[in-house]
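# Chain and residue survey
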Amino acid sequence: IRTLMEHHLVDQYNLLVYPVVRGTGQRLFGEGQTAALTLIESRDMGSGVVLLRYAPAPAPAAGSPR
């Protein structure tokens with residue numbers, strides 16, 4: 001997934017967030033890596049699970065402040 005993200009080939013991220021933390025897992029974003037994302041939907045799936053849909057944020061126009 002990281003290679004796709006680096007080349008801006010991801011149109012949408014669908015994340016299921018569970019209210020339980022077990023172990024260390026694997027990071028979606030590496031150390032120091034960030035992604036500008038826009039939340040397009042959040043939905044309660046029951047039992048505390050939440051579906052979050054994100055789209056990459058549009059790149060700022062040339063010459064505009066960040």
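In short, a report on the structure. (Residues numbered from 1 in each chain as written. Predicted model: local features only at pLDDT ≥ 70, side-chain atom pairs only at ≥ 80, totals over all residues. Heavy atoms only, no water.)

This structure, assessed with the given rule, holds two salt bridges. The residue R43 makes a salt bridge to E41 at a minimum N-O spacing of 2.7 Å. Given the relative accessible area of 40%, R43 is considered partly exposed. A salt bridge links R53 to E41; its shortest N-O distance comes to 2.5 Å. A residue pair is termed long-range when its members are at least 10 positions apart, and R53 in strand β3 (residues 49–56) and E41 in strand β2 (residues 37–46) qualify at twelve residues. The structure contains a network of salt bridges with shared partners spanning E41, R43 and R53. (Salt bridge = Lys/Arg side-chain N within 4 Å of Asp/Glu carboxyl O. Buried < 20%, exposed > 50% of the residue type's maximum accessible area, 1.4 Å probe, protein only. Helix = DSSP H or I, 4+ residues; strand = E, 2+ residues; numbered from the N terminus.)

This next bit is on the sheet that holds strand β1 (residues 13–17). Pairing is antiparallel across the open sheet formed by three strands, whose spatial order is β1-β3-β2. Each end of this open sheet is capped by a strand with a single partner; those strands are β1 and β2. Put simply, the sheet's adjacent strands are angled 20° from each other on average, direction ignored. Sheet analysis places β2 next to β3, joined by eight bridges and oriented antiparallel. Bridge pairing in β3 places S42 opposite L52. (Pairing = 2+ DSSP bridges. Axes fitted to C-alpha atoms, helices over the stretch in contact; angles between N-to-C directions.)

Keep in mind that these numbers describe shape and distance, not what the molecule does.
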